[in-house]
Each structure stands twice: as C-alpha cells, then as structure tokens.
Amino acid sequence: MYELFRTRSCVSPRMDRKPPFAIVHTLLSLMMCLCLACATRNEAGTPCPVIEMSVVTDTPTDSSKTVTLNDTTKILMSRTPLVATSDITGATASQADGEWTLNFTVTDDAAKRVHDFTQQHVGRTLALVVDGKVYGTPRIASAIIGNKYRIEGFNRADAERMATAISTGCRR
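The rules we used
Residues numbered from 1 in each chain as written. Predicted model: local features only at pLDDT ≥ 70, side-chain atom pairs only at ≥ 80, totals over all residues. Heavy atoms only, no water. Pairing = 2+ DSSP bridges. Helix = DSSP H or I, 4+ residues; strand = E, 2+ residues; numbered from the N terminus. Axes fitted to C-alpha atoms, helices over the stretch in contact; angles between N-to-C directions. Contact = heavy atoms within 4.5 Å. Salt bridge = Lys/Arg side-chain N within 4 Å of Asp/Glu carboxyl O. Buried < 20%, exposed > 50% of the residue type's maximum accessible area, 1.4 Å probe, protein only. Expected span 1.5 Å × (residues − 1). Arc of directions from axis to C-beta.

(A) Representation of the sheet that holds strand 6 (residues 99-106) in the model. Taken together, the three strands give an open sheet; going across it, the order is 5-6-9, and neighbouring strands pair in antiparallel fashion. The open sheet has two free edges, formed respectively by strand 5 (88-96) and strand 9 (148-154), since each of these has just one partner strand. Strand-to-strand twist in this sheet, taken as the mean axis angle between neighbours without regard to direction, amounts to 25°. The pairing of strand 6 with strand 9 spans six bridges and is classified as antiparallel. Bridge assignment links Thr105 to a residue of strand 9, and that residue is Lys148. Running at roughly 160° to strand 5, helix 4 (residues 156-167) makes contact with strand 5, strand 6 and strand 9 of the sheet.

Below, the structure is given as structure tokens:
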C-alpha cells in the first residue's frame, strides 16, 4: 500500500531528482544569460561624446587647459569640470528657433556642485564643451538651480547621435 501511494502521489522518489551540481549549473547559466541580455551599451559605431561644463580661467595654471573657441580664439578652462559625461543621466535632442539642442539631465550631486559654484561665483564664465569644441561661454548671472541643462548649436544628426549614445548607456 505504501509503495502504491508513493508512486502515484506528487512526491517522487529521491532517485528521480537532478543532482545538486546540475541545478547550480542551470541557475548559473540562466543568470549569465540574463546579465548579458540586460547589459546596456551604446549603439555599435556610435562614439561616446565627451561633455564638460567647466570654469573659464584668466591665467594659465597646472589645473587649466586650452580649448579653441571660434577656430581662432583660445580660452583657458579648468581641467576639473563641474559636470562631465559620467554625471549625465539622460539626454534628448530637440529643435528650437531652427537650431538643434542637446537637452540633458544630471545627477543630484552634479546639480548641487553647479548650484554651489554658481552661487559663489556670480559674474564668472563657464565653458560648455562637447568633444573638444566649445559650444558656449555663458556668464553666470545668478545661481543655477535644477538638474536640466541644454547646449545649443548642433545640427540635427549630431544632436540626435549624442542624445542616443547617452540615453543607451554611454558613460565615461
């Protein structure tokens, strides 16, 4: 009677079970597949843009570097940016007044750095640099509040390429 109950019930004899190493192997294989499937990376062939918001300096020092403003004019800026590509959490491209813009959102830490710096340095100049090219040198009129910024002056292809690269996981 016991034997009949055991073979017809939901409980299977221990000898029908998979050995523990087979279960572990299966779980590890599934985890690896999941990790590979969920990994984010930018589109193939789309380089990660280098975006910096740095302070313009007046005199050369060890902590400054030279960048070209208008193919002829050179400016000095801090080597340590207030915002870098690694601080950006998302980006979109948009068009306003016939000009394409890269809109981007930064981390709370980066937004706090920008706010604290601009609050203490009203009147100074910032440089907005993308891939080594200066796209603007705004003067600080007051403390910058918030974590959404934009850089204007792109063509459509460049704005969309950078927004896509950043939004699909590009981080430096």
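(B) Highlighting the pattern of salt bridges. In total, this model carries seven salt bridges according to the counting rule given. A salt bridge links Arg156 to Glu160; its shortest N-O distance comes to 3.0 Å. Of the two residues, Arg156 and Glu160 are both situated in helix 4; the distance of four residues between them amounts to about one turn of the helix. The exposure class assigned to Arg156 is partly exposed, which follows from its relative accessible area of 49%. Taking the shortest distance from any N to any O, the salt bridge between Asp158 and Arg161 comes out at 4.0 Å. With a gap of three residues between them, Asp158 and Arg161 both fall in helix 4, about one helical turn apart. Taking relative accessible area as the criterion, Asp158 reaches 26% and is therefore assigned partly exposed. Residues joined by salt bridges that share partners form a network here, namely Asp131, Asp158 and Arg161.

(C) Focus on helix 3 (residues 108-120). Given a rise of 1.5 Å per residue, 13 residues ought to cover 18 Å, and the 18 Å separating the end C-alpha atoms of helix 3 matches this to within 8%. Of the residues making up helix 3, those classed as buried are Ala110, Ala111, Val114, Phe117 and Thr118. Viewed end-on, helix 3 has its buried residues packed into an arc of 135°, placing them on one side of the element. Set apart from the buried face of helix 3 by more than 90 degrees, the exposed residues are Asp108, Asp109, Lys112 and Gln120. Buried residues along helix 3 sit in contact with strand 1 (51-57), strand 4 (83-84), strand 6, strand 7 (126-130) and strand 9.

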